[in-house]
Amino acid sequence: MSELSIKHLLGIRDMTRDDLELIFKTTSEFKEVLNRPIKKVPSLRDLTVANLFFENSTRTRLSFELAQKRLSADIVNFSASSSSVKKGETLVDTVNNILAMKVDMVVMRHPHPGAPHFLSKKVKTTIINAGDGTHEHPTQAILDTFSLREKLGDDLEGKRIAIVGDIRHSRVAISNILALQLLGATVRVCGPATLIPKHMSDLGVEVSHDLDETLIWADAVNMLRIQLERQGGPNSIAFFPSIREYTIGFGLTQQRLDKLDKQLAILHPGPINRGVEISSEIADGEHSVILDQVENGVASRMAVMYLLARQ
Ligand code: CP
């Protein structure tokens, strides 16, 4: 297969295993380019991409922008906080005005679930979802599964992957579950009962509230951040008694890993709350895949944009 089955990248839910395999193969090719002295290719030199960020981002925004520059695309960057959205302009009007400037592709992060899906029906351009509220974050799942394959081998069939923490508010969790299942992995979510929505078992994942037992079970663990900003505000703790008690129950520490008779691959999508869901020595330790994930984010986003531009 040399083409994706999708016209937009809205969510892993719309993708096939062949789509993921094609993206992985193309990511490997671009990763090789990124390790050359000259890291740039002319693949998208006739393409103009708008990066529309209606919500904060460091890794996703910078890696999309770097990926576009490595592919020689022209770029316009839009940040809602300094735009006419503040004066009441609608999403469709904002995007149509940007498209009138002859933009071919839109990369979009938005706090409302479904915003990129809505937009894809209203405007004639390729849309890439860079995270929509608590719904999906497909490129994060692509770079996470690519990084897992580098650690565990290309075949994730039957591998046991645990996703730990604030599942309720996590678009990364949903997209990772869907991608890992397409690739044949067994997925378990682990966290306090208040942070695991009831529909999780309908997705065919295992549910656990015991981190130590989950670590014994898993081949790799993806630690998620507690998203206090989606729980009622940056200082609002609504789903567990205190940060300290959360860490005692669900924080990944060296003490916990020392009890295991094996090594685990340890992922985190970032941003990290050091000392909360993961200790600094683990985050910076030899089994951490965290900076590999960030590195792979550039090559995998190059692959996604390159393949969508050929549709
Ligand atoms: N992982 C991730 O989406 O990070 P940012 O919010 O910094 O983009």
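Residues numbered from 1 in each chain as written. Predicted model: local features only at pLDDT ≥ 70, side-chain atom pairs only at ≥ 80, totals over all residues. Heavy atoms only, no water.

Asks: What exactly am I supposed to notice about the packing of helix α1 (residues 17-34) against helix α11 (residues 290-309) here?
Replies: When two helices pack together, you describe them by how their axes are tilted relative to each other and by the distance separating the axes. Across the interface, α1 lies against α11 with an axial gap of 8 Å and an inter-helix angle of 120°. As summarised for this structure, α1 and α11 are arranged oblique, according to the angle between their axes. When you trace α1 past α11, the crossing you get is right-handed. Here L22, I23, T26, T27, F30, K31 and L34 of α1 lie close against α11, whose contacting residues are E295, N296, V298, A299, S300, M302, A303, V304, Y306 and L307. (Axes fitted to C-alpha atoms, helices over the stretch in contact; angles between N-to-C directions. Helix = DSSP H or I, 4+ residues; strand = E, 2+ residues; numbered from the N terminus. Parallel < 35°, antiparallel > 145°, perpendicular 65-115°, else oblique. Left-handed = near helix turned anticlockwise from the far one by under 90°. Contact = heavy atoms within 4.5 Å.)

Asks: What's the story with the side chain of Q293 in this structure? I'm lost.
Replies: Along the polypeptide, Q293 turns up in helix α11. Within polar-contact distance, the side chain of Q293 engages the backbone nitrogen of H268 at 2.9 Å. Apart from the residues within four sequence positions on either side, Q293 is in contact with Q140, L143, D144, S147, L267, H268 and P269. (Polar contact = N/O pair within 3.5 Å; in protein donor to acceptor, adjacent residues only side chain to side chain.)

Asks: Mind showing me how you'd approach the domain arrangement of the protein chain here?
Replies: How big an interface is tends to be expressed through the accessible area that disappears when the partners come together. Taken as a whole, the protein chain is organised into domain 1 (12-136 + 297-309) and domain 2 (138-293). Relative to domain 2, the C-alpha centre of domain 1 lies at a distance of 25 Å. Of the residues lining the interface, 29 residues belong to domain 1; the matching set on domain 2 comes to 27 residues. Of the roughly 2400 Å² buried where domain 1 meets domain 2, counting both sides, 61% is carbon and sulfur surface. By the criterion of area lost to domain 2, the three top residues of domain 1 are I12, R17 and F24, representing 28% of everything that side buries. Between E157 and R17 there is a salt bridge; the shortest N-O distance is 3.2 Å. (Domains from an automatic or database assignment. Buried area = accessible area lost by both parts, 1.4 Å probe. Salt bridge = Lys/Arg side-chain N within 4 Å of Asp/Glu carboxyl O.)

Asks: Help me understand the site of the ligand, please; the structure alone is not making it clear to me.
Replies: Taken together, the residues surrounding the ligand are S57, T58, R59, T60, R109, H137, Q140, P269 and G270. Taking T60, its side chain carries an N or O atom lying 2.6 Å from an oxygen atom of the ligand. Within the side chain of R109, an N or O atom sits 2.9 Å from an oxygen atom of the ligand. Relative to its unbound accessible surface of 260 Å², the ligand loses 92% to contact with the protein. (Near = heavy atom within 4 Å. Areas by Shrake-Rupley, 256 points an atom, 1.4 Å probe, with all protein chains shown as cover.)

Asks: Whenever I open this one, the pattern of salt bridges confuses me. Can you help?
Replies: Between side chains of opposite charge, pairing is possible as soon as their charged atoms come close. In this structure the tally under the stated criterion is 14 salt bridges. Its salt-bridge partner being E21, residue R17 comes within 3.5 Å of it at the nearest N-O pair. You can see R17 and its partner E21 sitting in helix α1, 4 residues apart, about one turn around the helix. The exposure class assigned to R17 is partly exposed, which follows from its relative accessible area of 31%. (Buried < 20%, exposed > 50% of the residue type's maximum accessible area, 1.4 Å probe, protein only.)

Asks: What exactly am I supposed to notice about the pairing of strand β1 (residues 48-53) here?
Replies: For a regular strand, side-chain orientation follows a simple rule: the groups alternate between the two sheet faces. β1 sits mainly inside the fold: 6 of its 6 residues count as buried. Inspection of the sheet shows β1 paired to strand β2 (residues 74-79) by 6 bridges, in the parallel sense. What sits directly across from T48, in β2, is D74. Regarding the hand of the β-α-β motif, the stretch spanning β1, helix α2 (residues 59-70) and β2 is right-handed. For β1 and strand β3 (residues 105-110), the ladder comprises 5 bridges, and the chain directions are parallel. (Pairing = 2+ DSSP bridges. Right-handed = clockwise from strand over helix to strand, strands pointing away.)

Asks: So what exactly am I meant to see when it comes to the packing of aromatic side chains here?
Replies: The description of an aromatic ring pair rests on the distance of the ring centres and on the angle between the ring planes. Scanning all chains against the criterion turns up 5 aromatic pairs. A ring pair is formed by F30 and Y306, whose centres lie 5.4 Å apart and whose planes are at 80°; its orientation type is edge-to-face. Here the residue F30 occupies a position in helix α1, and Y306 occupies one in helix α11, the gap between them amounting to 276 residues. Centre to centre, the rings of Y246 and F250 are 5.7 Å apart; their planes meet at 35°, and the pair counts as tilted. Highlighted residues: Y246 and F250, both in helix α8 (residues 243-250), separated by 4 residues, approximately one helical turn. In this pair, the class of Y246 matches that of F250, namely buried. (Phe/Tyr/Trp six-rings, centres within 6.5 Å; stacked < 30°, edge-to-face > 60°.)

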